[in-house]
Amino acid sequence: MSQFFQIHPDNPQVRLVRQAADIVRGGGVIVYPTDSAYALGCHIGDKAALDRIRRIRKLDDRHNFTLVCRDLSEIATYARVDNAVYRLLKQHTPGPYTFILRATTEVPRRLMQAKRKTIGLRVPDNAITQALLGDLGEPLMSVSLIMPGDELPLIDPYEIREILEHEVDLVLDGGYCGMEATTVVDLADEEPMVLRAGKGDPAPFEAP
């Protein structure tokens, strides 16, 4: 049965954040809030935890996971970022965007898009996520919490606990969360391309 931590959305309790990070380091799968919706997360190098998330979401091997990062310097460890891309990222992080970038060798091969060798990265504007990432000292491997057959993410942490109490190790209750997906922007090529319009304003990345 999963643990359930009620965590303050603006001032996350250090003790609970540390326990959550320890669960991730120990191979656990967690549910946590972001600036767009609740998500499933696990340790970046843990294939067994990744496979558990795939089973929960009923995802095939082609589904791309996102690396949720604390800041721009962490993104630069896992993606190739030139000056122009850096300026764009600086203007729009933290925020409800997922950016597709060329992966570095730090990214496990199973997380890359096979043909293009790209990876999705994001920096959420959420105090709980930021505190958790700060304690971990590395990104979370993550996907949105959308159950099989549903079109929208779950938003109520108590409902999440009821549905997933035997599937995940921890639910971080940060209150009701949104249900709008991030805006996905492909920055792997010369011109930005909006792949999905979501909560983040897509206008800055669209051709005039």
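Residues numbered from 1 in each chain as written. Predicted model: local features only at pLDDT ≥ 70, side-chain atom pairs only at ≥ 80, totals over all residues. Heavy atoms only, no water.

Read from one edge of the open sheet, ten strands run β1-β8-β2-β3-β7-β4-β6-β5-β9-β10, paired in mixed fashion. Across the chains shown, the open sheet's two edge strands, defined by having one partner strand only, are β1 (3-6) and β10 (193-196). Adjacent strand axes in the sheet meet at a mean angle of 30 degrees, parallel and antiparallel pairs treated alike. Here strand β2 (residues 30-32) pairs with strand β8 (residues 170-173) via two bridges, running parallel. Following the sheet pairing, Ile-30 is matched in β8 by Leu-170. Here helix α1 (residues 14-25) sits on the sheet and contacts β1, β2, β3 (39-43), β7 (140-144) and β8; the angle it forms with β1, its principal contact strand, is near 150 degrees. (Pairing = 2+ DSSP bridges. Helix = DSSP H or I, 4+ residues; strand = E, 2+ residues; numbered from the N terminus. Axes fitted to C-alpha atoms, helices over the stretch in contact; angles between N-to-C directions. Contact = heavy atoms within 4.5 Å.)

The subject of this paragraph is the packing of α1 against helix α5 (residues 127-136). Axis separation between α1 and α5 bottoms out at 9 Å; the angle between their running directions is 60 degrees. With respect to their mutual orientation, α1 and α5 come out oblique. In this structure, α1 meets α5 at a crossing whose hand is right-handed. From α1, Val-17, Arg-18, Ala-20, Ala-21, Val-24 and Arg-25 reach across to α5, where they touch Ala-131, Leu-132, Asp-135 and Leu-136. In terms of residue class, the contact of α1 with α5 is built from seven nonpolar, no polar and three charged. (Parallel < 35°, antiparallel > 145°, perpendicular 65-115°, else oblique. Left-handed = near helix turned anticlockwise from the far one by under 90°. Nonpolar A, V, L, I, M, F, W, Y, C, P; charged D, E, K, R; others polar.)

Moving on to the state of the cysteines. Summed over the entire model, instances satisfying the criterion amount to zero disulfides. Cys-69 takes part in no disulfide bond, and the closest cysteine sulfur, belonging to Cys-42, lies 14 Å away. Exposure remark for Cys-69: the relative accessible area of 0% places this residue in the buried category. Just so you know, Cys-177 is unpaired, no disulfide at all, and the nearest cysteine sulfur is the one on Cys-42, 18 Å from it. Taking relative accessible area as the criterion, Cys-177 reaches 14% and is therefore assigned buried. (Disulfide = S-S within 2.5 Å. Buried < 20%, exposed > 50% of the residue type's maximum accessible area, 1.4 Å probe, protein only.)

For the rest of this paragraph, the subject is the pattern of salt bridges. Under the counting rule described, the total for this entry stands at eleven salt bridges. For Asp-51, the salt bridge identified is with Lys-47, shortest N-O distance 3.0 Å. In this pair, Asp-51 and Lys-47 both sit in helix α2 (residues 47-57), four residues apart, roughly one turn of the helix. On the accessibility criterion, Asp-51 (24% relative accessible area) is partly exposed. (Salt bridge = Lys/Arg side-chain N within 4 Å of Asp/Glu carboxyl O.)

This next bit is on the packing of aromatic side chains. Tallied over the entire structure, the rule returns four aromatic pairs. A centroid spacing of 5.2 Å and a plane angle of 45 degrees characterise the contact between Phe-4 and Tyr-158, whose relative ring orientation is tilted. Here Phe-4 is found in strand β1, whereas its partner Tyr-158 is found in helix α6 (residues 157-164), with 154 residues between them in sequence. Judged by relative accessible area, Phe-4 falls into the buried class, the value being 18%. Among the residues examined, Tyr-158 registers a relative accessible area of 40% and is labelled partly exposed. Between the aromatic rings of Tyr-97 and Phe-99, the centroid separation amounts to 5.7 Å while the plane-to-plane angle is 20 degrees, which identifies the pairing as stacked. Classification of Tyr-97 by relative accessible area gives buried; the value is 7%. (Phe/Tyr/Trp six-rings, centres within 6.5 Å; stacked < 30°, edge-to-face > 60°.)

Moving on to the side chain of Thr-182. Tracing the sequence through the fold places Thr-182 in the loop between β8 and β9 (183-186). A distance of 2.9 Å separates the side chain of Thr-182 from the side chain of Thr-98, its partner in a polar contact. Those residues within four positions of Thr-182 in sequence are excluded, and the remaining contacts are Ser-36, Pro-96, Tyr-97, Thr-98, Arg-122, Arg-196, Gly-198 and Lys-199. (Polar contact = N/O pair within 3.5 Å; in protein donor to acceptor, adjacent residues only side chain to side chain.)

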